[in-house]
Amino acid sequence: MKTMKPLVLEEMTTEQKLGMLYCARLFNQEALDLALELIKKRAIGSVQISPKRKDFVKQVLDAADYPIIIVCDTETRFPTSEKQPIPLVTLAACDKPEYYEVFGKAVATEAKAAGFNATWNPVVDVLHCNGPIKVYRLFSDDPQRVCRAAEEICKVYKRNGYMSCGKHYPGGSDAPYDNHMTSVPSKCTVDDLMNFDMIPYKYLMERDLLPSIMTRHAVYENIDPEHAGTMSPKIQGMIREMGWDGVCWTDSFGMMAVLQKYGEENILGLAIAAGNDIVLPNYRTPARVTYGHLLENWERGMFSEERLNESAARVIKLMNKLAEIPEAVDVFTEEDQKLYDSIAAASITAICDEGVDIKLPENTKKMFVITTPMDFNPNTEDLETVTDQWYYPNRVADQIRKNFPDAHIEFIPEFATKPDNERVLVASTQFDEVIFVTFCDTQPYLGTDGLTRRLEVLIDSLNMANRLSTVVHFGNPFALETIQHVGRKIFGYIMPDAQPCAIDALAGLQGAPGTLPFNCKFQ
């Protein structure tokens with residue numbers, strides 16, 4: 001094991017201290033070259049690396065003789081893992097300590113083995129309302145449920161020397177917009193945040209499970225209407241006044257919520273002056289340029305030496321703490337793998353009218369309608385190696401054929417055409433009941449993760465004709481708030497292996513033990 005020499009603030013140059021406040025995002029060779037130059041001078045505190053770039057990780061580890069922070073995001077799994085990705089909403093549907101713990105063990109053991117000692121996870125936002133790119137990433141709209149979930153994961157990370165990070169501080173997700181696309185307003189007051197959104201932060205602080213946080217770029221109009229939360233000394237000061245002295249990361253400065261207002265030349269200095277400890281620069285801009293901005297901001301006096309020393313000291317403390325546990329303590333066993341694999345079935349959730357069984361009746365002629373992405377081809381195999389793909393219509397269809405061999409199947413694209421709708425409606429007249437399988441994608445910059453309006457109207461049309469008995473939904477559960485009342489709703493969320501499990505539940509081959517993590521207002 002390589003011997004690490006801890007950094008000592010009093011012995012450091014200004015350049016070295018400034019480097020503690022900069023996270024180099026090593027997405028290309030140019031950024032790696034800069035990082036290696038700074039590492040040789042012991043003048044950089046953290047690097048973000050894609051786990052696919054094992055060569056980058058090795059070069060950083062070989063070059064560093066001090067405990068540098070190596071981070072990647074692991075919201076659903078370690079990115080190169082062969083294990084199923086598990087969004088937090090799926091874990092929350094199970095809502096048992098053993099599931100949270102085994103998820104944490106899977107992430108921490110793989111990450112540490114790959115040379116990583118930090119993550120920006122778990123998300124501890126408490127949901128206020130439906131909105132894009134957030135529901136699948138959250139545990140619940142109940143602060144106590146968020147606390148229980150985050151605690152189990154953070155305990156695993158801590159004992160394995162793996163930095164956890166509560167995000168997105170201070171919460172306040174009360175507007176249905178995407179920070180990646182625009183500045184998002186929040187109406188939350190200080191009391192609102194303290195008595196709702198900040199509950200998980202206080203809970204983790206009290207248990208020494210909050211080594212770092214990541215900020216939220218929302219504008220809190222009733223607290224500091226002039227600044228995004230990340231850039232607001234008032235917002236940054238709230239958690240410091242509670243006695244917390246961990247490391248505060250900014251969220252990415254590549255997001256439109258801050259990029260459009262602040263630009264790039266001054267944003268790093270402004271963020272440090274506001275109280276942030278590590279800045280996460282725009283990933284689209286060359287690393288040498290963003291690092292140069294940081295140096296220029298310092299030279300122009302945008303933040304004080306006191307502020308520099310305060311942040312550098314926090315980062316060094318965290319780095320040295322992580323170095324105390326260089327390798328994972330936990331071992332991911334076969335029993336752990338079995339438990340991990342059972343999460344898909346355990347998450348299946350059913351909401352049925354009184355007297356309506358989860359299992360479909362056996363004596364009816366059934367037609368399944370399966371919603372597909374626009375580029376779907378039913379005559380090709382689902383490619384599970386596609387990076388962002390999580391929904392597999394052909395797997396759903398295969399499970400239907402297995403469990404309901406006499407059923408008819410129709411595929412329909414999420415943006416259906418006139419012939420598509422007509423084809424499904426005409427076919428439905430030959431069957432006693434229709435089971436509609438829906439999905440909605442959720443990614444940054446899409447602006448929505450609900451059903452398309454065309455799909456909503458088609459579903460309601462089948463419902464009004466008394467043909468629709470069931471909707472099986474994968475994705476954001478709030479998407480079903482916009483359709484007319486359906487007596488049997490099955491939710492499989494966003495875990496790929498949950499898709500055949502949901503069809504098994506309709507066949508009576510498994511139950512639906514999950515609970516909906518949110519208070520959705522279905523019609």
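Residues numbered from 1 in each chain as written. Predicted model: local features only at pLDDT ≥ 70, side-chain atom pairs only at ≥ 80, totals over all residues. Heavy atoms only, no water.

Details of the pattern of salt bridges
Phase 1: The final tally for this structure, using the stated rule, is 34 salt bridges.
Phase 2: Put simply, aspartate 95 and arginine 145 hold a salt bridge, and the shortest N to O gap is 3.5 Å. Of this pair, aspartate 95 sits in the loop between helix H4 (88–94) and helix H5 (97–113) while arginine 145 sits in helix H6 (residues 143–159), placing them 50 residues apart in sequence.
Phase 3: The exposure class of aspartate 95 is partly exposed, given its relative accessible area of 23%.
Phase 4: By relative accessible area, arginine 145 is classed as buried at 11%.
Phase 5: Across the pair glutamate 410 and arginine 423 runs a salt bridge whose closest N-O atoms are separated by 2.6 Å. Of this pair, glutamate 410 sits in strand S11 (residues 408–413) while arginine 423 sits in helix H17 (residues 418–428), and the two are 13 residues apart along the sequence. (Salt bridge = Lys/Arg side-chain N within 4 Å of Asp/Glu carboxyl O. Helix = DSSP H or I, 4+ residues; strand = E, 2+ residues; numbered from the N terminus. Buried < 20%, exposed > 50% of the residue type's maximum accessible area, 1.4 Å probe, protein only.)

Notes on the nonpolar core
Phase 1: If you look at the biggest cluster of nonpolar residues, it comprises 176 residues, and the most contacted ones within it are Leu26, Val47, Trp249 and Phe436.
Phase 2: Looking at this core element by element, the count peaks at 8 residues for H5.
Phase 3: Residues in contact with phenylalanine 436, not counting those within four places in the same chain, are Val369, Thr371, Ile412, Leu455, Leu458, Ile459, Leu462, Leu468, Thr470, Val471 and Val472. (Core = buried A, V, L, I, M, F, W, Y, C linked by side-chain atoms within 4.5 Å. Contact = heavy atoms within 4.5 Å.)

Comments concerning the pairing of strand S10 (residues 366–372)
Phase 1: With respect to burial, S10 is a largely interior element, 7 of its 7 residues being buried.
Phase 2: Along S10, one buried face is formed by Lys366, Phe368, Ile370 and Thr372 and the opposite face, lined by Met367, Val369 and Thr371, is buried too.
Phase 3: One ladder, built from 5 bridges, connects S10 with strand S12 (residues 433–439); its direction is parallel. Opposite valine 369, over in S12, you have phenylalanine 436 as the bridge partner.
Phase 4: When S10 meets S11, the two strands line up parallel, connected through 6 bridges. Paired with phenylalanine 368 across the strands is isoleucine 409, a residue of S11. (Pairing = 2+ DSSP bridges.)

Some remarks on the side chain of lysine 105
Phase 1: Relative to the helices and strands, lysine 105 is located in helix H5.
Phase 2: Judged by its relative accessible area of 12%, lysine 105 is buried.
Phase 3: Beyond its immediate stretch of four places on either side in the chain, lysine 105 contacts Val156, Arg159, Asp330, Val331, Phe332 and Asp336.

Considering the sheet that holds strand S4 (residues 166–169)
Phase 1: Strand order in this open sheet of 3 strands is S4-S6-S8, and the pairing throughout is parallel. Of all the strands in the sheet, the pair left with one neighbour each is S4 and strand S8 (247–249). Here the strands of the sheet are splayed against their neighbours by 30° on average, with no regard to which way each runs. (Axes fitted to C-alpha atoms, helices over the stretch in contact; angles between N-to-C directions.)

Let's talk about a nonpolar patch on the surface
Phase 1: Side chains of Phe27, Met181, Tyr283 and Tyr445 sit close together on the surface and give an oily, nonpolar patch of about 370 Å² of accessible area.
Phase 2: With respect to the helices, strands and loops of the structure, tyrosine 445 is situated in the loop between S12 and helix H18 (453–464). (Patch = residues over 30% accessible without salt bridge, like charges linked within 9 Å, V, L, I, M, F, W, Y side chains within 5 Å. Areas by Shrake-Rupley, 256 points an atom, 1.4 Å probe, with all protein chains shown as cover.)

Remarks on the confidence of the model for the chain
Phase 1: Overall, the prediction assigns the chain a mean pLDDT of 95, with 98% of residues at 70 or greater.
Phase 2: For residues 382–387, every residue scores under 50 in pLDDT, and the model assigns this stretch 11 contacts once sequence neighbours within four places are set aside. (pLDDT = per-residue confidence, 0-100.)

Regarding the environment of proline 496
Phase 1: In this structure, proline 496 sits in the loop between strand S14 (488–491) and helix H19 (498–506).
Phase 2: A relative accessible area of 3% places proline 496 in the buried class.
Phase 3: As a C-alpha pair, proline 496 and tyrosine 392 span 104 residues in sequence and 7.2 Å in three-dimensional space.
Phase 4: When near neighbours in sequence (up to four residues on either side) are disregarded, proline 496 contacts Gln84, Pro85, Trp390, Tyr392 and Arg395.

What about the environment of threonine 417?
Phase 1: The topology assignment puts threonine 417 in the loop between S11 and H17.
Phase 2: Judged by its relative accessible area of 37%, threonine 417 falls in the partly exposed class.
Phase 3: Here aspartate 420 takes part through its side chain, which lies 2.8 Å from a polar atom of the side chain of threonine 417. (Polar contact = N/O pair within 3.5 Å; in protein donor to acceptor, adjacent residues only side chain to side chain.)

Some words on helix H7 (residues 190–197)
Phase 1: Those residues of H7 lying buried are Leu193, Met194 and Asp197. Here the buried residues of H7 occupy an arc of 120° about the axis, which is enough to place them on one side. Among the exposed residues of H7, those oriented more than 90 degrees off its buried face are Asp191 and Asn195.
Phase 2: Elements in contact with the buried residues of H7: helix H8 (199–206), strand S7 (219–220) and helix H9 (233–240). (Arc of directions from axis to C-beta.)

Points about the packing of aromatic side chains
Phase 1: Taken as a whole, this structure holds 17 aromatic pairs when the rule is applied.
Phase 2: On the basis of an interplanar angle of 80° and a centroid distance of 6.3 Å, the ring pair of phenylalanine 332 and tyrosine 340 is categorised as edge-to-face. Tyrosine 340 carries the same exposure label as phenylalanine 332, and that label is buried.
Phase 3: On the numbers, 6.1 Å between centres and 40° between planes, the contact of tyrosine 391 with phenylalanine 474 is tilted. With tyrosine 391 in the loop between S10 and helix H16 (393–403) and phenylalanine 474 in strand S13 (residues 468–474), the pair connects residues that are 83 residues apart, well separated along the chain. When sorted by exposure, tyrosine 391 lands in the same class as phenylalanine 474, which is buried.
Phase 4: Three or more aromatic residues joined by ring pairs make a cluster, and in this case those are Trp390, Tyr391, Phe439 and Phe474. (Phe/Tyr/Trp six-rings, centres within 6.5 Å; stacked < 30°, edge-to-face > 60°.)

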